[in-house]
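If you want the building blocks of each chain, they are given just below.
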Amino acid sequence: MKVAILAGGLGTRLAEETDTKPKPMVAIGGRPILWHIMMHYYHYGFQDFVIALGYKAEVIKKYMVDYSSLNSNLTVNLNNGKVIQHGGGAPDWTVDLIDTGIYTNTGGRIKRLAPYVNNQTFMLTWGDGVSDVNLNALLEFHRSHGKLATLTAVRPPARFGYLELDGNQITEFSEKPQTREGWINGAFFVLEPGVFDYIDGDDTQWEKAPLERLARDGQLIAYHHTSFWQCMDTLRDKRRLESLWNSGNAPWKIWEENNASISNWSQGLHRHSDGANATSSRV
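Thresholds, definitions, all that
- Within each chain, residues carry numbers counting from 1 in the order of the written sequence.
- Residues qualify for local features only when their pLDDT is at least 70, as the model is predicted, and side-chain atom pairs are given and counted only at 80 or more; totals for whole chains, interfaces and linings, by contrast, use all residues.
- Hydrogens and water are ignored here; the side-chain numbers use all heavy atoms of the structure.
- Note on conventions: DSSP H or I runs of at least 4 residues are helices, E runs of at least 2 residues are strands, and numbering of each starts at the N terminus.
- Exposure classes here rest on a 1.4 Å probe applied to the protein chains alone. A residue is buried below 20% of its type maximum, exposed above 50%, and partly exposed in between.
- Each accessible area value is a Shrake-Rupley result obtained with a 1.4 Å probe; residue values ignore everything except the protein chains displayed when judging cover.
- Two residues qualify as a contact provided that any one of their heavy atoms is within 4.5 Å of a heavy atom in the partner residue.
- Pairing of aromatic rings covers Phe, Tyr and the six-membered ring of Trp, with a centre-to-centre limit of 6.5 Å; geometry is then stacked below 30 degrees between planes, edge-to-face above 60, and tilted otherwise.
- For two strands to be treated as a pair, DSSP must find no fewer than two bridges joining them.
- Scored from 0 to 100, pLDDT reflects the predictor's confidence in each residue.
- For a helix, the expected span equals 1.5 Å multiplied by the number of residues minus one.
- One fitted axis covers the seven residues ending at a residue, a second covers the seven starting there, and the bend at that residue is the angle between these axes.
- Put simply, a salt bridge is a Lys or Arg side-chain nitrogen that is within 4 Å of an Asp or Glu carboxyl oxygen.
- Two distance rules govern patches: like charges are joined within 9 Å, and nonpolar side chains (Val, Leu, Ile, Met, Phe, Trp, Tyr) within 5 Å, applied only to residues with over 30% relative accessible area and no salt bridge.

### A short note on the overall build of the protein
- Across its full length, the protein holds eight helices and 16 strands.
- For the protein, the proportion of its 283 residues judged to be buried stands at 54%.
- Just so you have it, the protein exposes about 12500 Å², and 44% of that area is on carbon and sulfur atoms.

### Some thoughts on the environment of Glu 192
- Summarising the element assignment, Glu 192 is placed in the loop between β14 (189-191) and α6 (209-216).
- Remark: the alpha-carbon pair of Glu 192 and Asn 119, spanning 73 residues in sequence, is separated by 8.1 Å.
- For Glu 192, the residues in contact, after removing those within four places along its chain, are Thr 121, Phe 122, His 142, Lys 147 and Leu 148.

### Side note on the side chain of His 36
- Tracing the chain through its elements places His 36 in helix α2 (residues 33-43).
- The class for His 36 is buried, based on a relative accessible area of 1%.
- Once you skip the residues sitting within four places of it in the chain, His 36 turns out to touch Ile 28, Arg 31, Val 130, Trp 245, Trp 252 and Trp 255.

### A closer look at the packing of aromatic side chains
- As enumerated under the stated definition, the model contains eleven aromatic pairs in all.
- Between Trp 35 and Trp 255, the ring centres sit 5.7 Å apart and the planes meet at 85 degrees, which makes this aromatic pair edge-to-face. In this pair, Trp 35 is assigned in helix α2 and Trp 255 in the loop between α7 (235-246) and α8 (260-279), connecting sequence segments 220 residues apart.
- Using a relative accessible area of 1% as the deciding quantity, one classes Trp 35 as buried.
- On the numbers, 5.8 Å between centres and 65 degrees between planes, the contact of Trp 126 with Phe 189 is edge-to-face. Pair noted here: Trp 126 is in strand β8 (residues 122-126) and Phe 189 is in strand β14, with a separation of 63 residues, a long-range link. Like Trp 126, the residue Phe 189 is buried in the burial classification.

### Description of the pairing of strand β4 (residues 48-53)
- The element β4 is extensively covered by neighbouring structure, given that five of its six residues are classed as buried.
- As judged from the six bridges shared by strand β1 (residues 2-7) and β4, these two strands associate in the parallel manner. Following the sheet pairing, Lys 2 is matched in β4 by Asp 48.
- Where β4 and strand β7 (residues 94-99) come together, six bridges link them in parallel fashion. Along β7, the bridge assignment pairs Asp 48 with Thr 94.

### So, the confidence of the model for the protein
- Of the residues in the protein, 84% reach a pLDDT of 70 or more, and the chain-wide mean stands at 87.
- In this model residues 259-281 is a low-confidence stretch, pLDDT under 50, and it forms 43 contacts with partners more than four residues away in sequence or in other chains.

### Notes on helix α3 (residues 57-70)
- Here α3 contains 14 residues, and its C-alpha end-to-end distance of 20 Å stays within 8% of the 20 Å for a straight helix at 1.5 Å per residue.
- Residue Met 64 marks the point of greatest curvature in α3, where the axis turns by about 30 degrees.
- Of all the positions in α3, only Ala 57, Val 59, Ile 60, Tyr 63, Met 64, Asp 66 and Tyr 67 are classed as buried.

### Examining the pattern of salt bridges
- The final tally for this structure, using the stated rule, is nine salt bridges.
- With a shortest N-O distance of 2.5 Å, Arg 112 and Asp 202 are connected by a salt bridge. Within this pair, whereas Arg 112 is found in helix α4 (residues 106-112), its partner Asp 202 is found in the loop between β14 and α6, the two being separated by 90 residues in sequence.
- When the shortest N-O distance is used, the salt bridge between Lys 238 and Glu 242 registers 3.4 Å.

### Some remarks on a nonpolar patch on the surface
- On the surface, a cluster of nonpolar side chains totalling about 390 Å² of accessible area is made up of Leu 74, Val 76, Leu 78 and Val 83.
- Position of Val 83 among the secondary structure elements: in strand β6 (residues 83-86).

Below, the structure is given as structure tokens:
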């Protein structure tokens, strides 16, 4: 099963960090938040990713291409350019890196990924939010109701989109700022290929017409998540996540790093990130 991650937005509300890199490459605890998200899915056995790129797409492409060599001993034949790696390693991931355009909206990015999800059920999340949601339980819940879309509903501070619920059924979806406590869109979707029919094109915002129409058609179901969830929209959000990580008690870190190759790879990725950045809204 493919895990789609939107990683192409401009990240304008985090401009202090995103001038030289896309928001998913902003580091938490020395590691890109994209890595944290992928490690979450990997913990539950998901290892096939398709990432929708846009703003500074080349940064993420370069990191993914270089990660293995960064953590291996190398033999380089300068005459023919052949490189042989010795030891090292990385998580067992397959990653499709798809350039979906700098200004394509979220719905357009999702629709451009249609050829890569193999006409099957797929996961979807943003490249700027972490959670401790049980992804296996989420998938089981999605399969139990038979609808086109499952959205993970969370209760964060009241500054995100509002969900009107009748039990698990979403009857209204609104991205207007919340003025009362309630359940909101926490991403971590499970989707059927039929959702692509709800997206008109590149200018479509996923959080507007598609989700609103899915809700009206009775095809959008909420999975209630009452534990940790946090997006990284602002520098304040980043600092909160950084503080949690540095405390040694980050709620979203549910994986064990007893695999040396994973630990070494992530540290090498961060070192490479620092070097690359010296030269070089929502996702």
